[in-house]
Amino acid sequence: MAQKPMLIEMPIRINAYDIDAMGIVSNIVYIRWLEDLRTKFLDVYFPLPDLLKEGISPILRETHVDYKRPLTIFDQPKGQLWISELHRGRWTIEQEIYCGSKLYCKALQRGYFVNLETKRPVPVPEKLQKDFDDFFAAQKI
């Protein structure tokens, strides 16, 4: 099994307003779910108050989404997010949305951190880099 550093998981609720005219979850809804997963990740690993104390923010640079199969109103999906790359000032996260054992959506997002005052890129916060490095150190034991 592939390593998933700093993995978080969460259930996803499908609401009636998430469904398009074809009776399936609209593609744009998945983008909102990806945002929800990133927010949960930050809640776990680097809460917003801590980010603001340091005067930094993550910035999303790109999103790639591969829609594998459609979800409908009665499905009960679960989302996963993990960091696949973290170096210098940049990060890459991967996300997957499952229902049962079937993969419905796979996404890759890249971004960086900026100083909120200068709007300039900054290195990855030390705490986040340490948590990422600790994951791999634990794998070697």
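All values derive from a computational prediction rather than experimental measurement.

Q: Mind showing me how you'd approach the overall build of the protein chain here?
A: Check the secondary structure of the protein chain and you find three helices and six strands. Listed N to C, the secondary structure of the protein chain is β-α-α-β-β-β-β-β-α in terms of helices and strands. Along the first, second and third principal axes, the C-alpha set of the protein chain runs to 45 × 40 × 25 Å. The buried share among the 141 residues of the protein chain stands at 38%. Here the protein chain displays about 8,500 Å² of accessible surface, and carbon together with sulfur accounts for 55% of that area. Of the charged side chains in the protein chain, 20 are positive and 19 negative, and the gap between their average positions amounts to 3 Å.

Q: So what exactly am I meant to see when it comes to the packing of aromatic side chains here?
A: What describes a pair of aromatic rings is the distance from one ring centre to the other and the angle between the planes of the rings. All chains considered together, the criterion is met by five aromatic pairs. Each ring, one from Tyr-30 and one from Tyr-67, has its centre 5.2 Å from the other, and the planes form 75 degrees; the classification is edge-to-face. One end of the pair, Tyr-30, is in helix α1 (residues 27-45); the other, Tyr-67, is in strand β2 (residues 56-67), and 37 residues separate them in sequence. Residue classification places Tyr-30 among the buried positions, given a relative accessible area of 2%. Judged by centre distance (5.1 Å) and plane angle (75 degrees), the rings of Phe-132 and Phe-136 are edge-to-face. Of this pair, Phe-132 and Phe-136 both sit in helix α3 (residues 126-139), four residues apart, which is roughly one turn of that helix. An aromatic cluster of at least three residues, connected via ring pairs, comprises Tyr-30, Trp-33 and Tyr-67. When the ring centre of Trp-82 is taken as reference, the NZ or CZ atom of Lys-4 above it lies at 4.5 Å. Residue placement shows Arg-69 over the ring face of Tyr-104; its charged tip is 5.5 Å from the ring centre.

Q: Before we go on, may I ask you to explain the nonpolar core in this structure?
A: What tends to happen in soluble globular proteins is that the nonpolar side chains get buried as a cluster. Among the nonpolar cores identified, the biggest contains 19 residues, and Met-6, Phe-41, Ile-83, Leu-86, Phe-113 and Leu-128 are the most heavily contacted of them. Filtering out sequence-adjacent residues up to four positions away, Leu-86 remains in contact with Trp-91, Val-124, Leu-128, Gln-129 and Phe-132. Counting residues in hydrophobic clusters, the runner-up holds 11 residues, among them Ile-12, Val-25, Leu-71 and Cys-99.

Q: What is the right way to look at the side chain of Glu-94 in this model?
A: Residue position: Glu-94 is located in strand β4 (residues 90-99). Using a relative accessible area of 19% as the deciding quantity, one classes Glu-94 as buried. At 3.2 Å, the side chain of Glu-94 forms a polar contact with the side chain of Ser-84. Separated by 3.4 Å, the side chains of Glu-94 and Lys-106 make a polar contact. When neighbours within four sequence positions are excluded, Glu-94 is seen to be in contact with Gln-80, Leu-81, Trp-82, Ser-84, Lys-106, Ala-107 and Leu-108.

Q: Help me understand the pattern of salt bridges in this model?
A: Close approach of charged atoms allows side chains of opposite charge to pair. Considering all chains together, one arrives at 11 salt bridges under this definition. For Glu-62, the salt bridge is made with Arg-61, and the minimal N-O distance between the two is 2.6 Å. Residue Lys-68 is joined to Asp-66 by a salt bridge in which the shortest nitrogen-to-oxygen separation is 2.8 Å. Exposure remark for Lys-68: the relative accessible area of 42% places this residue in the partly exposed category. Residue classification places Asp-66 among the partly exposed residues on the basis of a relative accessible area of 37%. One network of salt bridges, in which partners are shared, links Lys-4, Glu-94, Glu-96 and Lys-106.

The rules behind each value
Residues numbered from 1 in each chain as written. Predicted model: local features only at pLDDT ≥ 70, side-chain atom pairs only at ≥ 80, totals over all residues. Heavy atoms only, no water. Helix = DSSP H or I, 4+ residues; strand = E, 2+ residues; numbered from the N terminus. Buried < 20%, exposed > 50% of the residue type's maximum accessible area, 1.4 Å probe, protein only. Areas by Shrake-Rupley, 256 points an atom, 1.4 Å probe, with all protein chains shown as cover. Lys, Arg positive; Asp, Glu negative; His and termini not counted. Charge placed at Lys NZ, Arg CZ, Asp CG, Glu CD. Phe/Tyr/Trp six-rings, centres within 6.5 Å; stacked < 30°, edge-to-face > 60°. Lys NZ or Arg CZ within 6 Å of the ring centre and 35° of its normal. Core = buried A, V, L, I, M, F, W, Y, C linked by side-chain atoms within 4.5 Å. Contact = heavy atoms within 4.5 Å. Polar contact = N/O pair within 3.5 Å; in protein donor to acceptor, adjacent residues only side chain to side chain. Salt bridge = Lys/Arg side-chain N within 4 Å of Asp/Glu carboxyl O.

Such coordinate-based values are descriptive only and should not be taken to indicate function.
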